[in-house]
Amino acid sequence: MYQVYIGARVVRGMKFVKMEGLGNDYLFLNCLEGEPPELPRLAKTLSDRHFGVGADGLICVKPGQAGDFTMEMYNADGSRGAMCGNGVRCVAEFLYTHGVRRDCIRIDTPNAGRRTLRRVGAGLWQVEMGHFSALGADVGTTNLGGGPLLDVPLCTGGRSWRVNCVVVGNPHCVVFVGDAPPEGADLALYGRELEHHPAFPGGINVEFARQISPTAFAVTVWERGSGATLSCGTGACAVVASAVLTGRSGRGVPILVQMPGGTLEVRILKDDTALLIGEAAAAFTGTVRIQPCKLPRGVV
């Protein structure tokens, strides 16, 4: 057990486990028998890499509805996440290493439906990611047309882009580039501009992808609510779905998506569904106590 101090109140919770899927890291809380309140604020506080534990977000493992268990996800800024391909694999690994010794686990996601995961090796999980769509109404875009939103011109920050918009549980904006995908300050600049473009009123995840071959891509990621991350599972699926829809790659074959944190395998099936395979592992287990701090004079 641990104690979390929010304001003057004491909130009792549980130990956390930090899990990561190719460097995309989340703090896990076992909420099968209850959960601490103010989860958005808790997620923002704990995810801070300088003043908190440090993570891309917070995931609560809760009792299942239609499936075996439920994943409730919060981004690093405290906003709710709809789906996370890396996070859901970490849920399966978290459960498997905490007594749920099943090779097939069904995980409910409140906003993206149920996902079925199969253990295909030590720390290696396959996720049935469900259907994807490039239609504007499904992605949640404005003024880009009904779609499919493929190779669409978009201007921001004085620069013109050709974007592909795909929803795979989460909405994504995929940009195919001829050179190395942007990193560092450039990734932050371009990613933030596209994330907050007026065409995406709810924000959007951004991937910059360079095609290496018909079955391999190098990708950098800017996630809404979290910023630059080392990997993104739904983003890898969005890149491959965009590649298939634009004729860059074929269906039914494994396609490797190389991200800064490692490589994910994606396969697009004939019925417009995606399979994702990747690793998941525990980084460490700990306890936490957050105490109110005094801000410097003049800081609100």
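Residues numbered from 1 in each chain as written. Predicted model: local features only at pLDDT ≥ 70, side-chain atom pairs only at ≥ 80, totals over all residues. Heavy atoms only, no water.

Caption draft 1: Inspection of unusual backbone geometry at higher detail. Along the chain, Gly147 connects to Pro148 via a cis peptide bond; the corresponding omega equals 5°. Within the secondary structure layout, Pro148 lies in the loop between helix 3 (136–139) and strand 11 (152–156). Residues other than glycine seldom take positive phi values, yet Leu22 does so here, at roughly 55°. Tracing the backbone through its elements, the reader meets Leu22 in the loop between strand 3 (16–21) and strand 4 (24–30). The class of Leu22 is buried, set by a relative accessible area of 7%. One non-glycine residue, Asn143, lies in positive phi territory at about 65°. With respect to the element layout, Asn143 can be found in the loop between helix 3 and strand 11. Using a relative accessible area of 82% as the deciding quantity, one classes Asn143 as exposed. (Helix = DSSP H or I, 4+ residues; strand = E, 2+ residues; numbered from the N terminus. Buried < 20%, exposed > 50% of the residue type's maximum accessible area, 1.4 Å probe, protein only.)

Caption draft 2: How the structure looks around the pattern of salt bridges. Inspection of every chain in the model, using the stated rule, returns twelve salt bridges. Close ionic contact of Asp68 with Arg102 constitutes a salt bridge, the shortest N to O distance being 3.4 Å. You can see Asp68 sitting in the loop between strand 5 (57–63) and strand 6 (69–75) and its partner Arg102 sitting in the loop between helix 2 (85–96) and strand 8 (104–109), a full 34 residues away along the chain. Look at Asp68 and you get partly exposed, because its relative accessible area is 23%. (Salt bridge = Lys/Arg side-chain N within 4 Å of Asp/Glu carboxyl O.)

Caption draft 3: Spatial organisation of the packing of aromatic side chains. Evaluation of the coordinates by the stated rule reveals six aromatic pairs. Arranged with centres 6.0 Å apart and planes meeting at 50°, the rings of Phe176 and Phe217 form a pair that is tilted. One end of the pair, Phe176, is in strand 13 (residues 170–176); the other, Phe217, is in strand 15 (residues 216–223), and 41 residues separate them in sequence. Phe217 gets classed as buried once you look at its relative accessible area, which sits at 0%. Every member of this aromatic cluster is reached through a ring pair, and the members are Trp161, Tyr190 and Phe208. Lying across the ring of Tyr190, Arg159 places its NZ or CZ 4.9 Å from the centre. (Phe/Tyr/Trp six-rings, centres within 6.5 Å; stacked < 30°, edge-to-face > 60°. Lys NZ or Arg CZ within 6 Å of the ring centre and 35° of its normal.)

Caption draft 4: Summary view of the confidence of the model for the protein. The predicted model of the protein averages 91 in pLDDT, with 92% of residues at 70 or higher. Taken together, the stretch residues 1–11 has pLDDT below 50 and engages in 38 contacts with residues farther than four places along the chain or on a different chain. (pLDDT = per-residue confidence, 0-100. Contact = heavy atoms within 4.5 Å.)

Caption draft 5: Region of the structure containing helix 2. Taking 1.5 Å of rise per residue, the twelve residues of helix 2 would be expected to cover 16 Å, and the 17 Å separating its terminal C-alpha atoms lies within 8% of that figure. Burial runs high along helix 2: twelve of the twelve residues are buried. Every buried residue belonging to helix 2 is among Gly85, Asn86, Gly87, Val88, Arg89, Cys90, Val91, Ala92, Glu93, Phe94, Leu95 and Tyr96, and all of these are buried. (Expected span 1.5 Å × (residues − 1).)

Caption draft 6: Examining the nonpolar core more closely. The biggest cluster of nonpolar side chains holds 55 residues, and the ones touching the most others in it are Phe28, Leu95 and Ile107. The greatest single-element share of this core, amounting to eight residues, is contributed by helix 5 (residues 233–245). What Phe28 contacts, discounting residues up to four positions off in sequence, is Lys15, Phe16, Val17, Met19, Ile59, Val61, Gly87, Cys90, Val91 and Phe94. In terms of nonpolar packing, the next biggest core, distinct from the first, is built from 21 residues, Val175, Tyr190, Phe200 and Val206 among them. (Core = buried A, V, L, I, M, F, W, Y, C linked by side-chain atoms within 4.5 Å.)

Caption draft 7: How the structure looks around the pairing of strand 19 (residues 273–279). By the criterion of burial, strand 19 is predominantly enclosed, with six of the seven residues buried. Where strand 10 (residues 124–131) and strand 19 come together, seven bridges link them in antiparallel fashion. Looking at the pairing, Trp125 lines up with Gly278 of strand 19. Inspection of the sheet shows strand 18 (residues 262–268) paired to strand 19 by four bridges, in the antiparallel sense. The residue of strand 19 that forms the bridge with Arg267 is Leu275. (Pairing = 2+ DSSP bridges.)

Caption draft 8: Quick peek at the environment of Phe16. Tracing the backbone through its elements, the reader meets Phe16 in strand 3. According to the relative accessible area criterion, Phe16 is buried, its value standing at 4%. Each C-alpha atom, one on Phe16 and one on Gly157, is 40 Å from the other, the two residues being 141 residues apart in sequence.

Caption draft 9: The arrangement of the environment of Phe69 in detail. Along the polypeptide, Phe69 turns up in strand 6. Among residues more than four places away in sequence, those in contact with Phe69 are Leu32, Lys62, Pro63, Gly64, Leu95, Val100, Ile105, Arg106, Ile107 and Asp108.

Caption draft 10: The arrangement of the side chain of Thr220 in detail. Checked against the element boundaries, Thr220 lands in strand 15. Here the side chain of Thr220 touches Pro182 through a polar contact of 2.9 Å, landing on its backbone oxygen. Other than its neighbours up to four places away in sequence, Thr220 contacts Pro181, Pro182, Glu183, Leu187, Val206, Glu207, Phe208 and Pro260. (Polar contact = N/O pair within 3.5 Å; in protein donor to acceptor, adjacent residues only side chain to side chain.)

Caption draft 11: How the structure looks around helix 5. With 13 residues, helix 5 should reach 18 Å at 1.5 Å per residue; the first-to-last C-alpha distance of 18 Å fits that figure. Summarising burial for helix 5: twelve of the 13 residues are buried, a large majority. A positive backbone phi angle near 80° is found at Gly247, which sits one or two residues after helix 5.

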